[in-house]
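Here's the letter readout for the chains.
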Amino acid sequence: MLTPNRHYAELKDSYLFARIAEKTKAYLAEHPGQRLLRMGIGDVSQPLCPAVIGALHAAVEDQAVKERFQGYLPECGAPFLREAVARHYAARGVALSPEEVFVSSGASDELGHILDLFDPSSPALIPEPAYPAYVDATVLAGRRIVHLPTGRDGGFLPSPAAAQEGDLIYLCSPNNPTGAVLNRQQLKAWVDWANARGAVILFDAAYEAFIRDEAIPHSIFEIEGARQCAIEICSLSKTAGFTGTRLGYTVIPRELQRSGMDLNAMWVRNRTTKSNGVSYILQRGGEAVFTPEGQKQVRETLAIYQGNAAVMASTLDRLGIWYTGGRNAPYIWMECPKGFTSWDFFDILLHKVQVVGTPGEGFGACGEGYFRFSAFGSPEDTREAMARLEELLK
Ligand code: PLP
């Protein structure tokens, strides 16, 4: 008899967002007509920029004209987009060949699929608090997880000094949920650790566009030695508002070899087997993000979210509450006041000031006592939510 993948039974219920939804629904049922200020969402609120919309329309027209119609595209991505991404990296001083760039349908898809490259016997090291998909995708792949808790003392940043084992390491900077960023020296320490062990870093750069400090690397490939040990997973979701449109890219350098096997070549084989690529229309939309006009427009949108993050940071500064994030990330990770647990604080904010955030405990046990706010809401809601928070806690 067929045996299903038994690892599904090992998944913990994804209770975080379900429990938030349940609690807010119950509150609204008791208080009909109340307006909640939702500061927990990880989805963007601003539309795609005009350069992208124009390119999407033009690509639809291409599909209507025999001479310009596109059928199947290369599975690993259209050359025009792979080249545009490579040029974008070159402008930051990172040399990539277009063949090292793989177009994807987004980072989530890729974080799950990429595990195909590695033998299930290799354990994964997951710094926590973590984006929940790392844990779940690893469990489904039947891989052992080594949890690496982080805390306030280290600014919620993982350090290889605390890492005992792990063949695959998930690093996320700027981090979801903590908003913390790894600087050059910290990233270099991980690259050296991975190279010394023959491990591979899965570097999740979904929030790189939010980095403002010049000294913070946007790509792990800004670090010497990373081409021998890292895969970078990127997304246009938060950079350019593609959460519902779906587009991302993954960088696998040619130097990334393990046990005589070439991971770039293996990924070409994987994609050509398991995918027929991403829609022509979306890839044209993605290409527009990397034009000068597209870059200018996406930065205008990012500035709205950065403004929200600055409002949240200054509120917490005035309240004297400890936090990470905000400056180089769209998330703020604050310590719950007065020793409240993260769910207690959630309930207090919901019931007293009608503000919804995300309890830190949902991102791993070491997130207990902390709380995440997101900067993706509207500026009006953000200002109002922070004014209510300040009134409550001052
Ligand atoms: N990685 C991190 C850290 C995220 O927070 C998210 C989405 O919230 C993703 C990846 C998924 O991005 P995508 O929309 O490209 O699937």
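For clarity, every value in this text was computed on a predicted model and none was experimentally measured.

Caption draft 1: Just the environment of Arg82, in detail. As for its placement among the helices and strands, Arg82 is situated in helix H3 (residues 79-91). A sequence separation of 19 residues divides Arg82 from Val101, and the C-alpha atoms of the two residues are 5.6 Å apart. Every residue in contact with Arg82, bar those within four places of it in the chain, is listed here: Cys76, Gly77, Pro98, Glu99, Val101, Phe102 and Val103. Here the side chain of Arg82 touches Glu99 through a polar contact of 3.3 Å, landing on its backbone oxygen.

Caption draft 2: Region of the structure containing empty space enclosed by the protein. Scanning the model with the defined rule gives three cavities of 30 Å³ or more in all. If you trace the largest cavity, you find 15 residues lining it, with Pro127, Pro129, Pro158, Cys172 and Asn175 closest to the centre. Mapped by element, the contributors of at least two residues to the lining of the largest cavity are strand E3 (124-128) and strand E5 (168-172). With three residues, E5 is the single largest residue contributor to the lining of the largest cavity.

Caption draft 3: A look at helix H8 (residues 263-274). Given a rise of 1.5 Å per residue, twelve residues ought to cover 16 Å, and the 16 Å separating the end C-alpha atoms of H8 matches this to within 8%. The N-cap of H8, judged by a side-chain oxygen 2.9 Å from the amide nitrogen of Asn264 a few residues on, is Asp262.

Caption draft 4: Structural detail: the sheet that holds strand E8 (residues 248-251). An order of E2-E8-E7-E6-E5-E3-E4 is seen for the seven strands of this open sheet, with the pairing classed as mixed. Every other strand in the sheet has two partners, leaving strand E2 (101-104) and strand E4 (145-149) as the edge strands with one partner each. With strand direction ignored, the average angle separating the axes of adjacent strands in the sheet is 20°. The pairing of E3 with E5 spans two bridges and is parallel. Residue pairing in the sheet places Leu125 in a bridge with Ile169 of E5. In the packing of H3 onto the sheet, contacts are made with E2, strand E7 (230-235) and E8, and the angle to E2 comes to roughly 120°.

Cut-offs applied
Residues numbered from 1 in each chain as written. Predicted model: local features only at pLDDT ≥ 70, side-chain atom pairs only at ≥ 80, totals over all residues. Heavy atoms only, no water. Helix = DSSP H or I, 4+ residues; strand = E, 2+ residues; numbered from the N terminus. Contact = heavy atoms within 4.5 Å. Polar contact = N/O pair within 3.5 Å; in protein donor to acceptor, adjacent residues only side chain to side chain. 1 Å grid on protein atoms, 1.4 Å probe; cavity = no way out; pocket = protein on both sides within 12 Å on 5 of 7 lines; lining within 4 Å. Points joined across faces, edges and corners; volume = space filled by probe spheres on them. Expected span 1.5 Å × (residues − 1). Pairing = 2+ DSSP bridges. Axes fitted to C-alpha atoms, helices over the stretch in contact; angles between N-to-C directions.

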